[in-house]
Amino acid sequence: MSGDLQAKIVIIGGGAIGTAVAYHLANAGETDVLLLEKSQLTHGCTWHAAGLVGQLRGKRNLTRLMQNSVAVFDRLEKEAGLAIDWKKVGSLRLASSPERWSEIRRSMSQAKSFGVECEALSAAEAKQLFPFIETQDVEGAAFIPGDGYIDPYALTQAYAKVAKDKGVQIKEHTTVTGFDIEHRRIVKVHTDHCSVTCEKVLNCAGLWAKRVGEMADVSLAAGVVEHQYFLTEKKLKFDSSLPTLRDPDKNFYLKPDTGAFAIGGWEQGTSVCWQSKPPLEFGHELFDANYDRLELFAVPTSERLPVLNEIGIQTVINGPIPVSADGEPIMGQAPDLDNLFVACGFTAGIAASGGAGEAMANWVLHGDPGMDLWAFDVRRFGNLHAQSGYLGKRAVDAYAAYYKIHWPGEQTTVARGLRRSPLYQHLKEAGAVYGSKFGWERPDCFVVNNVKFSESLSFEHKPGYFETVAHECRQIANKVVLIDQSSFSKFELTGADAYAALNYIAANTIPVDPGNAVYTQLCNENGGIESDLTIIHEATNKFLVITGSGFGVRDRHWMETHLPTDAQVNFRDVTNSYAVINLCGPCSRSVLEKVTESNVSNQAFPFLTTQHINIGDARVLAVRIGYIGELGWELYIPQEYAAYVYETLFESGQEFGISNAGYRAIESCRLEKGYVYWSADVGPDFNPYQAGLGFCVDLNKSEFIGQQALQQAAGKTPAKQLVTLSYQGFIPLHGSEPIYVNGELGGAVTSAGFGHRLWLSIAYGYLPGDFDKSSTIEIEAFGKSYKMDLGQRCLYDPKMKKLKR
């Protein structure tokens, strides 16, 4: 093959993911597709994958993705006319500690809300399914009959055969070497044999995804680490229906093989390979076995499976596998280029391939994956996550955490301290317990004298920070606090067309006059919520857009690609230019009046307005808004003045009992106030009317994105609507629990927590739009049912008197 070729879509990488995308594109009728593989199909890491298939994940749509994979496996053998060795024998997961049993019971509740068949078993029942296990210390087990295992090589070949039979071209032994890029688009793919003119490109390069991304100046947080498993001697006898086995407390997984077991683990201290950029010449190869690391999971495995003490190890497989900076796959349209799509970083790529291939085909063909996949979205990462040192630490940690207990509210402990606000040291000395978000150190809460605090986390009981957060919420409700929110993502839009452009992408009306702010959603053509943010009209032809710390890459990408192409707008990321201090609580006005000459009365400075004011000698932008539900201001401060402003406010507030508060208090207060969180309560799958945000939609303004769909939705009973449920006192709710209406499954919890001002456990969730409001509503958590009260969307100060006083 030489010279120039042409294809509408080029897929780079011939592993399970790349061939699955080709398969789904072909099935959708798109066959002008060329798949390029530098060696042979499966020769990256697919060939040495174990091939376990598990469906249950922590989020509904992620579980749907895995369920879609199983649906493909169920039909693929017949479609391809090739055996794929799909063994739907089920999976057994053991709990070897009370804490793990809590985690598994939570997962089983989630399974009900996600539509995954799952059974709770005793230790004795688990042994009946898997007779080789020693049941000492087994608290219980979960069995998912729809899981199993599959032959990765045969699966990949079957995907490829169906795709080729329908017209997709697959070129092996063809290495991508670079790209021609014009106007944010790849127009030509260069290889060692030819060049290919194209319209769209998919980076499914597996181990080499980061290297391929760099060829296009696209940074990907796709790491590569060593992973080992071993095959026992073929001396075992068992029925072909023996399920797969996972014992996360013993840190191993097991797949039945012919007369043997394939056993692997997620041990501490694995190695990063080639700084996550393997050489292009690396291929169908393995590393030498590392028996010190192997022992870390082999010894605990033999405790659970005494039969291993009677047979030997036949083979050790030690090869490179992809692991992203957070351990989840990386999917979607790269924000740097308009026609580059990414599907990489799959630690469980075999199991995900069928569903991921379908989602990517939808993304490429229709601009949407068919469901909200934010947890996998490439835009959840920024350039900092792709830095080799940072990525290596996070990838190794994510690998080792695969089977660790994932406590509610836990924080990563590696690669910390990178991004700090100017207040970091002040707050650390004040007792800040820091969490991490998008590389930022952010105060979760503050340890103070005479308030109980520990770092313990729990599934079924109050966490160690419970009393600390309760104290902060009381301060917010009764006195005044300062909250460092400098990690907000902030964008400045200027230019003659800035107003019209923002008004076109926002569902709400942008204030015409400077000195005003608006809360709004940015919707897609279907009315789904792509962004949930605040827009500040700071000055003539100058606007600030404020969004969450982790949503900046995504929201910027959405805005830049949907602003009118002919608009005269300058777009600038000013996140690192401004610190943000939230001054809030009933005494906040009194504190502010002592340090500014400006009139900050309610009449002079009403809710949703902005002013440039002096605090002491520092000029700041004050915005009368917040995510707390109390009187307050968000203060946007040039970084160099932030510490001074903080000190000035704190000194001024001494007579009013001023203190600090953190993000856990914010979460408690926003649940009481009915405020939604994008990616949990709202997202592309839901429109503002379903979420109770119809007040943020102005259907009568000039044309805006999603207007037609929202006009159709307005005034109609939605298929689903977001409701607020509460329970007097504490119950252990964390999200994704099933909600029952008169005994029938009605929905699932989107977010939940404890409202300290109201002393209520609060849960949000979507229920059928036409459900009877007098129904009995219950939430199941950890095997118990709790009767919930259906309240207003806003439980705290529903008439907004506190906020607007």
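Our subject is the structure that appears above.
Summary of the structure given here. Remember, it's a predicted structure, so these values are computed and weren't measured experimentally.

Time to look at the sheet that holds strand β12 (residues 222–232). Ordered by their spatial adjacency, eight strands build an open sheet running β5-β6-β4-β13-β14-β15-β12-β16, and the pairing between neighbours is mixed. Where the open sheet ends on each side, the last strands, each with one partner, are β5 (119–121) and β16 (313–324). Each strand axis lies, on average, 20° off the axis of its neighbour in the sheet, ignoring direction. Taken together, the eleven bridges between β12 and β16 define a ladder with antiparallel strand orientation. Opposite A222, over in β16, you have S324 as the bridge partner. Packing of helix α7 (residues 291–304) onto the sheet brings it into contact with β4 (91–95), β12, β13 (244–247), β14 (252–257), β15 (260–264) and β16, and relative to β12 it is tilted by some 50°.

With that out of the way, let us pick up the sheet that holds strand β26 (residues 570–573). Each strand in a sheet pairs with its neighbour through backbone hydrogen bonds, running either in the same direction (parallel) or in the opposite one (antiparallel). The sheet built from five strands is open, its strands ordered β23-β24-β25-β22-β26 with antiparallel pairing. Unpaired on one side and paired on the other, β23 (516–523) and β26 mark the two borders of the sheet. Here the strands of the sheet are splayed against their neighbours by 25° on average, with no regard to which way each runs. By the bridge criterion, five bridges tie strand β24 (residues 529–539) to strand β25 (residues 542–547) in an arrangement that is antiparallel. If you follow I535 over to β25, its bridge partner there is V545. Contacts from helix α13 (residues 498–505) reach β22 (489–494), β23, β24 and β25 within the one sheet, and its direction differs from that of β25 by about 30°. This element, helix α14 (residues 552–562), spans β22, β23, β24, β25 and β26 of the sheet and lies at about 80° to β24.

Once that is clear, we can look at the packing of helix α2 (residues 60–80) against helix α5 (residues 152–165). Between α2 and α5, the shortest axis-to-axis distance is 10 Å and the interhelical angle comes to 60°. What the angle tells us is that α2 and α5 run oblique. Classified by chirality, the crossing of α5 by α2 is left-handed. The residues of α5 that touch α2, namely those facing V72, F73, L76, E79 and A80, are L155, A158, Y159, K161 and V162. Looking at the contact of α2 with α5 residue by residue, the classes come out as eight nonpolar, no polar and two charged.

What counts and how
Residues numbered from 1 in each chain as written. Predicted model: local features only at pLDDT ≥ 70, side-chain atom pairs only at ≥ 80, totals over all residues. Heavy atoms only, no water. Pairing = 2+ DSSP bridges. Helix = DSSP H or I, 4+ residues; strand = E, 2+ residues; numbered from the N terminus. Axes fitted to C-alpha atoms, helices over the stretch in contact; angles between N-to-C directions. Contact = heavy atoms within 4.5 Å. Parallel < 35°, antiparallel > 145°, perpendicular 65-115°, else oblique. Left-handed = near helix turned anticlockwise from the far one by under 90°. Nonpolar A, V, L, I, M, F, W, Y, C, P; charged D, E, K, R; others polar.

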